[in-house]
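Listed here are the chains, written in short residue letters.
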Amino acid sequence: MEMISSVKCFGGEQRVYRHASTSTGTDMEFAVFLPREALDGFVCPTLFYLSGLTCTWENVMTKGFPQMHAAEHGMIFVAPDTSPRGEDVANDEGYELGQGAGFYLNATQQPWAQHYRMEDYITKELPALLLESLPVDEDAIGITGHSMGGHGALTLAIKNPNLFHSVSAFAPIVNPMDCPWGEKAFAAYLGEDEGQRALYDACALIKEHGWEGDILVDQGMADSFLEEQLKPWAFEAACREAEVDLTLRLQGGYDHSYYFISTFLADHMAWHAARLD
C-alpha cells in the first residue's frame, strides 16, 4: 500500500493510502488518522467510519474533525471510500447508484458484480491490510457511519460481531428494503431476490441475529430525508423486538449535513472508546 499524503495534526498524523484492491479489482484509497500512541508503536483501538452517498474519505476528514477526538482517546480513525471507482467501473447518472454509492454490499447482478464488492472490502481486505501494516488492536475495532454509511455500519457489524466490537450510526438508512434509495440500489445490485436483499437490511438482520452490546444512533429531526428514506423508528421497533439495547437520540433542529455530524461525532467517539477499552 502506497502512502500518498501525510500531514501532522493533534500530535499524530493524518495519512491517505492507495492500494490495488483484490476485492473490487480497482485501486482504492482510504484515509487514516494515527494518534501519537500509534506513531510510538503501541497498538490502539480503531474506529471505521463509513461515509454516505456521493462522499469519499475526504468528507469526514475535512468536515467532521475526527482527528482531535481520536487523539484524545488514543484511537486510530479509518475512513474508506464509498465505492470502487474508475473508467471501467459501472456507473449510473443518479447519485444514489454507482460510483459513490456502493451501499457496502457484494453485488450479484451485472454490470455491477465485477467491481462492487464493498462488503468483502470493508470486512476482509481492509482489516487484514491494516492489521498487517499499522498498530491496530484486532480485539478493539468499532464501526460507525452516516446515512448510507450508517446502513453499512449497522449491517456489517451485525453480520461480523467477531470483527466489530462496537457500532453506532448517524442518520442511517435502516430499512433499505422499504425506501426509495434502497429499492433502487438493491434492484440494480441484488436483483429481485428478497432473501438477498434481507442480508443487507439492518431491520431484518437485527431481528435474525440480534446484537450482544448496545447501539447508539443519532438522528436530526430537521433532516429532509427523515420520513421517506431513513425511518429510524423502524429500527427502534426491530431492536425492541430483538431485545437489543438501542439508544436513539432525536436531535431537534439538526439536518443531514456534516454540521450535524461534527456536532455529535465527539459523543460517538467517546462512546466507542469506552466500549473498546
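Above: the structure in question.
Here is a short report on the structure shown in this document. Predicted model only: the values in this text are computed from it and were never measured. (Residues numbered from 1 in each chain as written. Predicted model: local features only at pLDDT ≥ 70, side-chain atom pairs only at ≥ 80, totals over all residues. Heavy atoms only, no water.)

### Notes on the pairing of strand E8 (residues 214–220)
- The element E8 is largely enclosed, with a buried count of six among its seven residues.
- Relative to E8, strand E7 (residues 166–170) runs parallel, the two being bridged by four bridges. If you follow Phe170 over to E8, its bridge partner there is Asp218.
- Two strands pair when backbone bridges link them, and E8 and strand E9 (residues 245–251) are joined in this way by seven bridges, in the parallel orientation. Bridge pairing links Gln219 to Leu250 in E9. (Buried < 20%, exposed > 50% of the residue type's maximum accessible area, 1.4 Å probe, protein only. Helix = DSSP H or I, 4+ residues; strand = E, 2+ residues; numbered from the N terminus. Pairing = 2+ DSSP bridges.)

### A short note on the sheet that holds strand E3 (residues 27–34)
- The sheet built from nine strands is open, its strands ordered E1-E2-E3-E5-E4-E6-E7-E8-E9 with mixed pairing. A strand with exactly one partner marks an edge of an open sheet, and here the two such strands are strand E1 (2–9) and E9. The average angle at which neighbouring strand axes cross in this sheet is 20°, direction not considered.
- Two elements, strand E6 (residues 136–145) and E7, share two bridges in a ladder whose sense is parallel. Residue Gly142 lies in a different strand from E7, and its bridge partner there is Ser166.
- Against the sheet, helix H4 (residues 118–133) contacts strand E2 (12–20), E3, strand E4 (44–50), strand E5 (76–80) and E6, and its axis sits at roughly 55° relative to E3. (Axes fitted to C-alpha atoms, helices over the stretch in contact; angles between N-to-C directions. Contact = heavy atoms within 4.5 Å.)

### Notes on the side chain of His69
- When you line up the elements, His69 lands in helix H3 (residues 66–73).
- Residue His69 is classed as buried on the basis of its relative accessible area, which comes to 10%.
- Here His69 is in contact with Leu265, Ala266 and Met269, once residues within four sequence places are set aside.

### Section: a nonpolar patch on the surface
- A surface patch of nonpolar side chains, about 310 Å² in accessible area, is lined by Phe10, Phe65 and Met68.
- Tracing the backbone shows Met68 in helix H3. (Patch = residues over 30% accessible without salt bridge, like charges linked within 9 Å, V, L, I, M, F, W, Y side chains within 5 Å. Areas by Shrake-Rupley, 256 points an atom, 1.4 Å probe, with all protein chains shown as cover. Salt bridge = Lys/Arg side-chain N within 4 Å of Asp/Glu carboxyl O.)

### Observations regarding H4
- At Leu126, H4 shows its strongest bend, of approximately 30°, with the proline Pro127 following within four residues.
- In this structure, the buried side of H4 is in contact with E2, E3, E4, E5, E6 and helix H5 (148–159). (Bend = angle between axes of the 7 residues up to and from the residue.)

### Some points on helix H10 (residues 232–242)
- Every buried residue of H10 is accounted for by Pro232, Phe235, Ala238 and Cys239. For H10, the angular spread of buried residues about the axis comes to 120°, placing them on one side. H10 presents Arg240 and Glu241 as exposed residues on the side facing more than 90 degrees away from its buried surface. (Arc of directions from axis to C-beta.)

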